[in-house]
Amino acid sequence: MAELHDRLQDLRVSASSLDKTVTITTHGAPAKIEVFIARGSLRTHTKESFERQVNAAIRIAMTAYRQAATKAWEKAAGITEDNE
């Protein structure tokens with residue numbers, strides 16, 4: 001369990017919306033979430049389109065985080081090797 005905890009603490013995943021106006025970074029366990037909004041992006045979007053960009057970035061980041069957490073669990077459990 002300590003190995004899994006250490007691996008999860010070291011996880012760091014970033015993902016951006018398709019137009020790069022929103023970047024979400026997740027790290028640690030439980031996952032801490034940071035949101036970065038590009039300067040001027042609120043002027044280039046309607047409220048609805050900006051909301052779509054935020055939601056897309058969150059979905060991409062959380063999917064990547066889940067995949068990385070699963071790999072960390074598999075490595076800690078000895079299911080896969082570190083070099084995979």
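One can find the structure itself at the top, above this paragraph.
First things first, this report covers the structure right here in the doc. (Residues numbered from 1 in each chain as written. Predicted model: local features only at pLDDT ≥ 70, side-chain atom pairs only at ≥ 80, totals over all residues. Heavy atoms only, no water.)

Here's the deal with the sheet that holds strand β1 (residues 12–16)
One open sheet holds the 3 strands; their spatial order is β1-β2-β3, and the pairing between them is antiparallel. Pairing within the sheet leaves two strands with one partner each, and these edge strands are β1 and β3 (32–37). Across the sheet, the mean angle separating the axes of adjacent strands is 15 degrees when strand polarity is ignored. Note: β1 against strand β2 (residues 22–27), 5 bridges, orientation antiparallel. Bridging from a neighbouring strand, Ala15 pairs with Ile24 of β2. Strands in contact with helix α3 (residues 47–76) are β1, β2 and β3; relative to β2, the strand with the most contacts, it is inclined by about 30 degrees. (Pairing = 2+ DSSP bridges. Helix = DSSP H or I, 4+ residues; strand = E, 2+ residues; numbered from the N terminus. Axes fitted to C-alpha atoms, helices over the stretch in contact; angles between N-to-C directions. Contact = heavy atoms within 4.5 Å.)

Describing the side chain of Thr21
Following the sequence through the fold, Thr21 ends up in the loop between β1 and β2. Here the side chain of Thr21 touches Asp19 through a polar contact of 2.7 Å, side chain to side chain. Sequence-distant contacts of Thr21, that is, excluding residues within four places in its chain, are made with Phe36, Ile37, Ala38, Ser41, His45, Phe50 and Gln53. (Polar contact = N/O pair within 3.5 Å; in protein donor to acceptor, adjacent residues only side chain to side chain.)

Focus on the pattern of salt bridges
Tallied over the entire structure, the rule returns 2 salt bridges. Linking Arg7 and Glu3 is a salt bridge whose minimum nitrogen-to-oxygen distance equals 3.0 Å. A residue pair is termed a helical-turn pair when its members lie 3 or 4 positions apart in one helix, as Arg7 and Glu3 do in helix α1 (residues 2–10) at 4 residues. For Arg12, the salt bridge goes to Glu34, with nearest N and O atoms at 3.7 Å. (Salt bridge = Lys/Arg side-chain N within 4 Å of Asp/Glu carboxyl O.)

Things to note about the pairing of β1
Only one face of β1 is covered, namely the one carrying Val13 and Ala15; the face carrying Arg12, Ser14 and Ser16 has none of its residues buried. Where β1 folds back onto β2 in an antiparallel hairpin, the turn is made up of 5 residues, including Lys20, whose phi is positive at roughly 65 degrees. (Buried < 20%, exposed > 50% of the residue type's maximum accessible area, 1.4 Å probe, protein only.)

Structural notes on the packing of α1 against α3
Here α1 crosses α3 at 150 degrees, and the two axes come no closer than 9 Å. The angle between α1 and α3 falls in the class roughly antiparallel. Crossing of α1 against α3: the hand is right-handed. For the pair α1 and α3, contact is made by Glu3, Leu4, Arg7 and Leu8 and by Ala69, Ala72, Trp73, Lys75 and Ala76, respectively. The residue inventory of the contact of α1 with α3, partitioned by class, reads 6 nonpolar, no polar and 3 charged. (Parallel < 35°, antiparallel > 145°, perpendicular 65-115°, else oblique. Left-handed = near helix turned anticlockwise from the far one by under 90°. Nonpolar A, V, L, I, M, F, W, Y, C, P; charged D, E, K, R; others polar.)

Don't take any of this as a statement about function, it's just geometry.
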